[in-house]
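Fold and contact review
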Amino acid sequence: MDLAHLFQRRLLVVAGKGGVGKTTVACALALEAARHGRRTLLCEVDGVARGAHLFQVPPLGIGEVAEVRPGVFLMAVEGKAALAEYLQLIIPVRRLLATVFKSRIYQHFVAAAPGLKELMTVGKIWYEAERLDDDTGQRRWDLVIMDAPATGHSLQYLRMPAAARDAFGTGLVQREAQRIVDLLTDPARTAVNLVTTAEEMPVNETVAMHRQLCDELGMPTGFLFINRMHRCDFADDDLARLGASAERHRDPRSRTALRELAARAREEAGWTRVNARYRARLARQVSMPIVELPHLFAEEFTAQEVRTLAVHIAAQAGGADQQEERA
Amino acid sequence: VKSLAAVVAEHGVVICAGSGGVGKTTTAAAIALHGAAAGRRTIVLTIDPARRLADALGLRVLGNEARAVRSDTAGSLHAMMLDQKGAWDHLVERYAPSAEVRDRILGNRFYQHLSQSFAGSQEYMALEQLHELHASGAYDLIVVDTPPTRHALDFLEAPQRLVDFLDRDVVRWFVKPYFSAGWATLRIVNRTVGAVLRRLEDATGVSALVEISDFFVSMSQLFEGFEARVQRVAQLLRSRQTAFVLVASPEEEVLAEAEYFCRQVETLSIPLRAVVFNRVHRESQLPERRLDEAWVRRLAARAVGSAEQGERLAANFFRYELQARGDTLRIEAFRKQMPKRTAVATVPNFDEDLHDLTGLRRMLPHLAE
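Criteria and cut-off values
Residues numbered from 1 in each chain as written. Chains lettered and ligands numbered in written order. Predicted model: local features only at pLDDT ≥ 70, side-chain atom pairs only at ≥ 80, totals over all residues. Heavy atoms only, no water. Helix = DSSP H or I, 4+ residues; strand = E, 2+ residues; numbered from the N terminus. Buried < 20%, exposed > 50% of the residue type's maximum accessible area, 1.4 Å probe, protein only. Areas by Shrake-Rupley, 256 points an atom, 1.4 Å probe, with all protein chains shown as cover. Lys, Arg positive; Asp, Glu negative; His and termini not counted. Charge placed at Lys NZ, Arg CZ, Asp CG, Glu CD. Pairing = 2+ DSSP bridges. Axes fitted to C-alpha atoms, helices over the stretch in contact; angles between N-to-C directions. Contact = heavy atoms within 4.5 Å. Phe/Tyr/Trp six-rings, centres within 6.5 Å; stacked < 30°, edge-to-face > 60°. Lys NZ or Arg CZ within 6 Å of the ring centre and 35° of its normal. Right-handed = clockwise from strand over helix to strand, strands pointing away. Expected span 1.5 Å × (residues − 1). Arc of directions from axis to C-beta. Buried area = accessible area lost by both parts, 1.4 Å probe. Salt bridge = Lys/Arg side-chain N within 4 Å of Asp/Glu carboxyl O.

Across its full length, chain A holds 14 helices and eight strands. If one aligns the C-alpha atoms of chain A with their principal axes, the spans along those axes are about 85 × 50 × 40 Å. In chain A, buried positions account for 58% of the 327 residues. Just so you have it, chain A exposes about 13200 Å², and 50% of that area is on carbon and sulfur atoms. Distance between charge centres in chain A, computed from 42 positive and 41 negative side chains, equals 3 Å.

See the structure below:
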C-alpha cells in the first residue's frame, strides 16, 4: 500500500491513545492528501478544535467548515448538533422541532442516552463522506479524514453503528445504521490508521485496538504511524568519557556543560533504546505497514512541524513515483 | 507554597486527575509509595496500569481485591485494580432489587447492545469503591487513579450524568410500558408529542420503542436511592480530607485542557491542591542565556576524542535545550493562571519508561521538592 492508494478511499480514520500526537498526524495526512489533488475534509470529533490552532486559523464553531490550506477543509463535529441536523432531515416540521429542541427532556435525554452522541457523530461523518454537492451533483469531498478521540472512546464511536443496527431490529434507524456499517467495513472506501508512540502503554493499547478492529469490528486498516521516535543512540563508552572529563575539569562552567551534555545524551540514548524495543514489538504484533515519524525537537509545535511530518510521511509511504519526485 | 509531599501528608484521600497519556497511573502509584514510605497505611486504587507496573504492584490477577505490595516501606502498601470490563453488569448485579429485575435488564436488547456505550459506569464504580475503602477505616491514605477521559472533569461529572439519565422528567416519559394508557393519553392530549411519536415509530420501529420503554422501567428500579449515594460520594470528594492532584505534561494540548480544569475547579468547589508536571525536559544549569555553541562542540569533541561524536553530542544537547525552553515557557504561562497556593511538583523526562518500584522510587525526590 502507498499513499496514492490510501487516498483513493473515501474515509480515513486516525485513532490512537491520548497524547500520542493523533491530531498532528491527521493534519499532516490531510496536507498530503491535498497535495495528491484530493479535496479533503478533516473532521475533528468531540468539539476539540486543535487542528484550527495548528493551522493558525480562528477556532471553528460546531459544524462550521473552513478551508485552512488549499484543498484542506476543517470541520468540528459534535453529536448533539449532528442529531439536531439529522432530525431536521427526517422530521421536516420546523415549528415542531423547535419545541422539541427546547424541552428539558430532550436536553437531558440527548446528554445521557447511551451511544447517541457517538452514533450521530459517525453518522455525520458518513453523511459528509457520501454527500453530493447541491449545485454540481459531484461528491462534495474526495476524502474525509476523521481525527478520532482517544482509543477507548474511538472504539465506542466505531462500534456504535453496528450496535444501533442490532438494537433497532427494523425501521429507518436500522437501515441507516447498516449503511454506515457498510462504509466502515468496506476496504475499498475506508481505512483506519493508528498512531502510537513506541512506549509501553501506547503500544499495549495499539496492539489491543488493532485486534479489536480486525476481529470484532471487521474494519480495514491503513498505516501504523509510530510517532515521536528517538533515534540517536550514544555509546556507553562516550557517556563514560564525558562523565570522567567533567570530573577532571577545574572550570565549573565546563564541568556543568559536560555533565549536561552527558545527561542529555543519556536521556536521548535511553529513549532511543526504549523506542527501538517497542517498535520491534509493534512490527511483530501489528500487521500494518509502518511509517516512522521522528520526535521533533521544537520550542513550540506549529504548522511548520506539521509540514515536516507530512514530508516524512510522503518519503516513507509515498510509493516509488512520489519518492523520485521528491528527490 | 507547600510541596506535593506536604499536601499528601495532610490529606486522607488523594485523587489524581488529568487527561489521558500524561502519566496519571504512574504518578498515583508514586504518591502511594511515598505515603507508605512515610509510615501510613496506604492503598492505591488504579484503573489500567501498564503490565510491568501491574506486575510490580502484584496486580496480574483481575478482580476488585486489595493486594499487598512488597514495598519494604514503613507503612503498608496495597493496590487494587478496578475491573474495567463489565462495569455495568457489576452495577446491575449489585443493585438489582431482585433476581427478576436483574435478568430483565441483562436480557433487554438495548442493554445488551448499548451497555458498552453507557457513560459513567466506570467512574461511578471507582467512586463507590473509594467510598467503601474510606468507610472501612483500614487505610490512612487512599490514592485514586481516575479513568482515562477526554476531559479531566468527566470523572466528576459522570455520576451526575447517570443521575440525569434517570432524571425524573425523563423517566416519567419512559417509565410506562409503551402501550399503557399513559402513552396513549399523552399522544391524544399533546398533539406535538403525538406527531413526534409517530415519526419515531416510523424511524425506529414500534418494537424498539417498547424495548426502550421496558429498559427504563427496569433501570429505574435499579437506581432507587442512587441519587443519595451519588450525593454521599460527592460530599467525600469535596471534604477537607480530600486533595485533588492535577497531572499534566508540558504539551500545549494537555496544558490547554489543564487550564480549563483549573477554571472549573472553583465553580465546582473541587479542592485542587497540587499540580504535577510530568516528563518535563529540564533546562541546563548553565548560567548564560546565549550559549557559545562552538565552545560546547569543542568541549564535547575533546572529552570523547572525536570531532564527529562531539558534534553529535553537542547537536543533541542543543535540541534538548530548545525543547526544554518550550516546556519552561509553557509551564510558566500555565502557572500564572493556576489557583493561588497550589503546590507544584516537576518530574523530569528521565531516560526510560517508569513502571517498577525502582522506577517509581526515582520519582519520589521530585514529589518532595
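Having seen it, we continue.
Turning to the sheet that holds strand β2 (residues 40-45) of chain A, a few remarks are in order. Residue and element names in this part refer to chain A. If you trace the eight strands from one edge of the open sheet to the other, you get β3-β4-β2-β5-β1-β6-β7-β8, paired in mixed fashion. In this open sheet, the two strands that pair with only one neighbour each are β3 (65-69) and β8 (290-294). Neighbour to neighbour, the strand axes of the sheet diverge by 25° on average, direction disregarded. Sheet strands in contact with helix α7 (residues 116-130) are β1 (11-16), β2, β4 (72-77) and β5 (143-150), and its direction is about 155° off that of β4.

All names here are of chain A. The buried fraction of β8 amounts to four of the five residues, a majority that puts the element mostly inside the structure. Direction of pairing for strand β7 (residues 221-229) relative to β8: parallel, over a ladder of four bridges. Directly across from M229, in β8, lies its bridge partner P294.

Once that is clear, we can look at the packing of aromatic side chains. Inspection of the entire model under this criterion finds five aromatic pairs over all chains. Residues F73 of chain A and W141 of chain A carry aromatic rings whose centres are separated by 5.1 Å and whose planes lie at 55° to one another, so their mutual orientation is tilted. Note that F73 of chain A is positioned in strand β4 and W141 of chain A in the loop between α7 and β5, a separation of 68 residues in sequence. Ring centres 5.7 Å apart and planes at 90° place the aromatic pair F277 of chain B and F334 of chain B in the edge-to-face group. Of this pair, F277 of chain B sits in strand β7 (residues 272-280) while F334 of chain B sits in helix α16 (residues 307-336), placing them 57 residues apart in sequence. R253 of chain A extends its terminal NZ or CZ atom over the ring of W295 of chain B, reaching a point 4.0 Å from the ring centre.

The next point concerns the pairing of β7 of chain B. Regular strands show a simple pattern: their side chains alternate between the two faces of the sheet. Residue and element names in this part refer to chain B. Of all the nine residues making up β7, seven are buried; the element is thus mostly covered by neighbouring parts of the structure. Two strands pair when backbone bridges link them, and strand β6 (residues 242-248) and β7 are joined in this way by five bridges, in the parallel orientation. Across the sheet, V245 pairs through a bridge with A274, a residue of β7. In this view, the connection linking β6 to its parallel neighbour β7 by way of helix α14 (residues 252-267) has right-handed handedness.

Residue and element names in this part refer to chain B. For α14, which comprises 16 residues, the first-to-last C-alpha distance of 24 Å matches the rise-based estimate of 22 Å (1.5 Å per residue) to within 8%. Residues of α14 that are buried: V254, L255, E257, A258, F261, C262 and V265. Buried residues along α14 cover an arc of 155° about the axis, so they all sit on one side. Opposite its buried face, α14 presents the exposed residues R263 and T267, each directed more than 90 degrees away. In this structure, the buried side of α14 is in contact with β1 (13-17), β6, β7 and α16. Following α14 by one or two positions, S269 adopts a phi angle in the positive range, close to 45°.

Before going further, it helps to spend a moment on the environment of V306 of chain A. Residue and element names in this part refer to chain A. Structurally, V306 is set in helix α13 (residues 303-317). Using a relative accessible area of 1% as the deciding quantity, one classes V306 as buried. Considered as a pair, V306 and A28 are 278 residues apart in the sequence and their alpha carbons are 5.4 Å apart. Residues within four places of V306 in sequence aside, it is in contact with T24, C27, A28, L31, L54 and F301.

Facing 73 residues of chain B, the contacting portion of chain A comprises 74 residues. Here chain B packs against chain A, burying approximately 6500 Å² in sum over the two surfaces, 60% of which is carbon and sulfur. Where chain B meets chain A, there are three salt bridges. R228 of chain A serves as the salt-bridge partner of E251 of chain B, at 3.3 Å between the closest nitrogen and oxygen.

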